[in-house]
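Residue-level listing of the chains:
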Amino acid sequence: MTNAITNLDGFGSVTGVPKLPEGFRDVFRSYRVKANGIGLHAVIGGEGSPLLLLGGWPQNWFAWRYLMLPLSRDFTVIAVDPRGVGLSEKPAGGYDADTLAADMFALMDALGHIRFSMVGHDVGLWVGYAMAADRPDRIERIALGEAIVPGLSPSPPLLSDDRWTSDFLWHFNFNRAQGVNERLVEGREDLYFGYQFDTKAGSVAGFPAYGKEFYIETLRRVPGALKASFDYYRAIDESIPQYRRRKATKIEVPVLAFAGALACGDMVAHELRSVALNVESVVIPDCGHYPAEEQPAALLDALQRFLRLS
């Protein structure tokens, strides 16, 4: 352990979250890792080649809990809270694609991992795309799921004829607003974020209620977490030209596109094939936007098959 890597405990760490799988704490520990000038919370355990897990809005590292123990048998698993999320520091800025990608490379540098595989979900897909485009020499294989990257494909219309599109994506414009959203949501986190989970999952019953309650409590309880959750979307203004700049060169890193049949479906693979040369795809039946929590066994099977090809 160095000064750049220290132990973390308490709410939001492995010692302060609900209903972890049996034996989880025997393998995994929470650490604060100094990377790119900020402290990032990473949950690390296992043996083998390094595997970075990066989740999305409005979740944190806990989203991967069902997959981490099985993956730890073959990989050193690093599940991270990116800047602004969970127990990681919450600076005023740096939520654009370039900075988020630099954060993750700096994290892996600090942990001594030059080359690694990665799984990115939702906003984690945005960041993973930028990383694979920038440094293919460092990414062994990458699985990306349940998002499209702002600026790569034509944007869905603001006033869509398709009611599903409006219901699924309206949060983008709300989250992107300046200043008013925190005041509208503060004290009503269970209403706003609960609605997001309930409507984006394949079914309310299919998403673990205790997980939803933990994410909402984190956004309510951790100082700065609510604002930072919106800052990811406010930074889209900066990120769109950054993503478009990368589109000029197609990714050569092997890519697995994954999605829920009741959420993004074929959209993920369709977009990734426009920017990458080697894309496999899996669409998980009876699954909404959160495969790692709605259908963890199916996602685990897909990831293990894909990652073991290296």
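These notes cover the structure that comes with them. Note that the structure is predicted; figures quoted are calculated from it, not measured.

Here's the deal with the pattern of salt bridges
Line of reasoning, step 1. Using the criterion set out here, one finds 20 salt bridges in the structure.
Line of reasoning, step 2. The salt bridge partner of aspartate 109 is arginine 138, with a shortest N-O separation of 2.8 Å. Placement of the pair is aspartate 109 in helix H3 (residues 97-110) and arginine 138 in the loop between helix H4 (123-134) and strand S7 (139-145), with a sequence separation of 29 residues.
Line of reasoning, step 3. Judged by relative accessible area, aspartate 109 falls into the partly exposed class, the value being 42%.
Line of reasoning, step 4. On the basis of relative accessibility, which here comes to 4%, the residue arginine 138 falls in the buried class.
Line of reasoning, step 5. Because the salt bridges share partners, they merge into one network encompassing Asp98, Asp134, Arg245 and Arg246.

Section: the nonpolar core
Line of reasoning, step 1. Within the largest apolar cluster, 70 residues are counted, with the highest numbers of intra-cluster contacts made by Leu52, Met104, Leu107, Trp126, Met131 and Phe193.
Line of reasoning, step 2. With residues near it in sequence (within four places) discarded, methionine 131 still touches Leu52, Ala101, Met104, Phe105, Phe116, Met118, Pro136 and Ile139.

What to know about unusual backbone geometry
Line of reasoning, step 1. Each neighbour pair has its own omega, and for tryptophan 57 with proline 58 the value is -5 degrees, a cis peptide bond.
Line of reasoning, step 2. In this model, glutamate 146 sits at a positive phi of 60 degrees, which is unusual for a non-glycine residue.
Line of reasoning, step 3. Along the chain, glutamate 146 turns up in the loop between S7 and helix H5 (163-176).
Line of reasoning, step 4. Positive phi values are uncommon outside glycine, yet aspartate 286 reaches one of about 55 degrees.
Line of reasoning, step 5. Inspection of the secondary structure puts aspartate 286 in the loop between strand S9 (279-284) and helix H12 (291-294).

Observations regarding the sheet that holds strand S2 (residues 29-35)
Line of reasoning, step 1. Taken together, the 9 strands give an open sheet; going across it, the order is S1-S2-S3-S5-S4-S6-S7-S8-S9, and neighbouring strands pair in mixed fashion. Looking at strand neighbours, the two that pair on one side only are strand S1 (5-7) and S9, the edges of this open sheet. Adjacent strand axes in the sheet meet at a mean angle of 25 degrees, parallel and antiparallel pairs treated alike.
Line of reasoning, step 2. As judged from the 3 bridges shared by S1 and S2, these two strands associate in the antiparallel manner. In the strand pairing of S2, asparagine 7 is matched with tyrosine 31.
Line of reasoning, step 3. Sheet strands in contact with helix H11 (residues 267-275) are S7, strand S8 (255-260) and S9, and its direction is about 155 degrees off that of S8.

A closer look at helix H13 (residues 296-307)
Along an α-helix, residues three or four apart share an orientation, since each turn contains 3.6 residues.
Line of reasoning, step 1. With 12 residues, H13 extends 16 Å from end C-alpha to end C-alpha; this agrees with the ideal 16 Å at 1.5 Å per step.
Line of reasoning, step 2. Within H13 the residues assigned to the buried category are Leu299, Leu300, Ala302, Leu303, Gln304, Phe306 and Leu307.

Notes on H11
Line of reasoning, step 1. Turning to H11, its buried residues number three or more, namely Val268, Ala269, Glu271, Leu272 and Val275. Down the axis, H11 shows its buried residues gathered within 165 degrees of arc, on one side only.
Line of reasoning, step 2. Against the buried residues of H11 lie H4, S7, S8 and S9.

About the thresholds
- Residue indices follow the written sequence of each chain, beginning from 1 at its first position.
- In keeping with the predicted nature of the model, local features appear solely for residues at pLDDT of at least 70, side-chain atom pairs appear and are counted solely at 80 or more, and the whole-chain, interface and lining totals rest on all residues.
- Just so you know, side-chain values use all the structure's heavy atoms and leave hydrogens and water out.
- Definition used for salt bridges: Asp or Glu carboxyl oxygen within 4 Å of a side-chain nitrogen of Lys or Arg.
- A run of H or I in DSSP counts as a helix once it spans at least four residues, and a run of E counts as a strand once it spans at least two, with each numbered from the N terminus.
- Buried, partly exposed and exposed residues are distinguished by accessible area as a fraction of the type maximum, computed with a 1.4 Å probe on protein chains only: under 20%, between the cut-offs, and over 50%, respectively.
- What makes a nonpolar core is a set of buried Ala, Val, Leu, Ile, Met, Phe, Trp, Tyr and Cys residues whose side-chain atoms join them at distances within 4.5 Å.
- The contact criterion used is simple: two residues touch if any of their non-hydrogen atoms lie within 4.5 Å.
- Pairing between strands is defined by DSSP: at least two bridges between the two strands are required.
- Note on definitions: angles span 0 to 180 degrees between N-to-C directions of axes, and those axes are lines fitted to C-alpha atoms, for helices only across the stretch in contact.
- For a helix, the expected span equals 1.5 Å multiplied by the residue count minus one.
- As used here, the arc is the angular range of directions from the helix axis to the C-beta atoms.

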